[in-house]
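Commentary on secondary and tertiary structure
One-letter residues, chain by chain:
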Amino acid sequence: MIRSGGRIEDRVALTTGAGRGLGLGIARSLAGAGFKVAVTDIDAENADRAASELRSLGVDAFSSRLDVADSTEWKATVAAVEKRWGRLDVLVNNAGISPRGTVESTDEALWDAVMAINVKGAWLGMKTALPLLKIAHGHIINIGSNLSTRPARGMCAYCSSKAALLGLTRQAALDLLDDEVRCMLIAPGWVDTPGEREIQARAGRPDWPRGLRNITDPEQVGDAVVFLVSPAGRRLNGSILYLDSGQHIVDDVKRIYNLNEEF
Ligand SMILES: NC(=O)c1ccc[n+]([C@@H]2O[C@H](COP(=O)([O-])OP(=O)(O)OC[C@H]3O[C@@H](n4cnc5c(N)ncnc54)[C@H](O)[C@@H]3O)[C@@H](O)[C@H]2O)c1
């Protein structure tokens, strides 16, 4: 088993939900920084395509179908990473869903699905990957949201799940202090991804994000991941890193995004 430190090109990262969107941006940034990358997604075809793209750029990458809510699939994926590279330095729990619903309109099946993917999935990932992360003195990066620390109208299960993910992040940072495994949460505002475009189109905004400002690119989130796992990020642990142009400290979302309509 190889300990962490030394050359970045020896280091290995696994990202969930990396077949498209924010997870793909994170995989690209980590690959660009020299990491070997395991690209996982419940959508095996997209994961394959993403890993092929990285390989065509000379990156050592492989793909694996992984439903983050399934502990058996986690075990198989982490075993495949260990077999291929013998180590894991960075786990990025990115996979998530954001269906709409108020406290009243959210049904039990929707609540369970959101919690299973957005919260349990991250916990299963860290639990399964821990033996390797401990050896590497590695990092766990959870992708929360600026809605980890504030509510949003009609997003009951989502906001609850992202707040729980922040709690899990802090708990993991504490539990793993002596193992020198650090755990952080990135809290983006709006990121231009296929998933967010689909959500906005369903809400009657087919042109989203045209005309808006301060929209984050998936690769910018990826660059934040690279920072957190670099020596420059060494003093951050159990922290929340907002990437939302300050949305979490203003009471007027429209001011951030130059949005004219009610939201
Ligand atoms: N886009 C935004 O504005 C935004 C803002 C803040 C936080 N986030 C968070 O970023 C993450 C990614 O969002 P996105 O916008 O890229 O969404 P997306 O829908 O574009 O991509 C999500 C990916 O996750 C995969 N996925 C879904 N369920 C899965 C499961 N059970 N197991 C494994 N993979 C699964 C999908 O197949 C897809 O490839 C989510 O956690 C989301 O909450 C997004």
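Quick note: structure is the one above.
Residues numbered from 1 in each chain as written. Predicted model: local features only at pLDDT ≥ 70, side-chain atom pairs only at ≥ 80, totals over all residues. Heavy atoms only, no water.

Thoughts on the site of the ligand
Around the ligand lies a shell of 27 residues, among which Asp41, Asn94, Tyr158, Val191 and Thr193 are the nearest. One of the side-chain N or O atoms of Asp41 is found 2.6 Å from an oxygen atom in the ligand. One of the backbone nitrogen or oxygen atoms of Val68 is found 3.1 Å away from a nitrogen atom of the ligand. Here the ligand loses 90% of its free accessible area of 830 Å² to cover by the protein chains. (Near = heavy atom within 4 Å. Polar contact = N/O pair within 3.5 Å; in protein donor to acceptor, adjacent residues only side chain to side chain. Areas by Shrake-Rupley, 256 points an atom, 1.4 Å probe, with all protein chains shown as cover.)

Regarding the packing of aromatic side chains
Applying the stated rule across the entire model yields three aromatic pairs. Relative to Trp85, the ring of Phe62 lies with its centre 5.4 Å away and its plane at 65 degrees, an arrangement referred to as edge-to-face. Taken together, the residues span a long stretch of sequence, with Phe62 in strand E3 (residues 61–65) and Trp85 in helix H3 (residues 71–85) at a distance of 23 residues. When the ring of Trp190 is compared with that of Trp208, the centres are 5.3 Å apart and the planes differ by 75 degrees; the resulting orientation is edge-to-face. (Phe/Tyr/Trp six-rings, centres within 6.5 Å; stacked < 30°, edge-to-face > 60°. Helix = DSSP H or I, 4+ residues; strand = E, 2+ residues; numbered from the N terminus.)

Thoughts on the side chain of Ser63
One can find Ser63 in strand E3. Filtering out sequence-adjacent residues up to four positions away, Ser63 remains in contact with Val39, Ala47, Asp48 and Ala51. (Contact = heavy atoms within 4.5 Å.)

A few points about the sheet that holds strand E4 (residues 90–93)
Taken together, seven strands build an open sheet; the order of strands is E3-E2-E1-E4-E5-E6-E7 and the sheet is parallel. Across the chains shown, the open sheet's two edge strands, defined by having one partner strand only, are E3 and strand E7 (240–243). The mean inter-strand angle of the sheet, taken between neighbouring strand axes irrespective of direction, is 20 degrees. By the bridge criterion, four bridges tie strand E1 (residues 12–15) to strand E2 (residues 36–41) in an arrangement that is parallel. (Pairing = 2+ DSSP bridges. Axes fitted to C-alpha atoms, helices over the stretch in contact; angles between N-to-C directions.)

Comments concerning unusual backbone geometry
That bond from Trp208 to Pro209 is cis: its omega, 10 degrees, falls within 30 degrees of zero. Tracing the backbone through its elements, the reader meets Pro209 in the loop between helix H6 (194–202) and helix H7 (218–228). Positive phi outside glycine occurs at His137, with the angle close to 50 degrees. Along the chain, His137 turns up in the loop between helix H4 (108–136) and strand E5 (139–143). Note on His137: relative accessible area 29%, which makes it partly exposed. Phi is positive for Asn214, which is not a glycine, with a value near 65 degrees. Summarising the element assignment, Asn214 is placed in the loop between H6 and H7. What makes Asn214 partly exposed here is its relative accessible area of 35%. (Buried < 20%, exposed > 50% of the residue type's maximum accessible area, 1.4 Å probe, protein only.)

Describing the pairing of E3
For E3, the buried fraction is high: four of the five residues fall into the buried class. Here E2 runs beside E3; their pairing, made up of five bridges, is parallel. Paired with Val39 across the strands is Ser63, a residue of E3. The handedness of the E2 to E3 crossover, carried by helix H2 (residues 44–56), is right-handed. (Right-handed = clockwise from strand over helix to strand, strands pointing away.)

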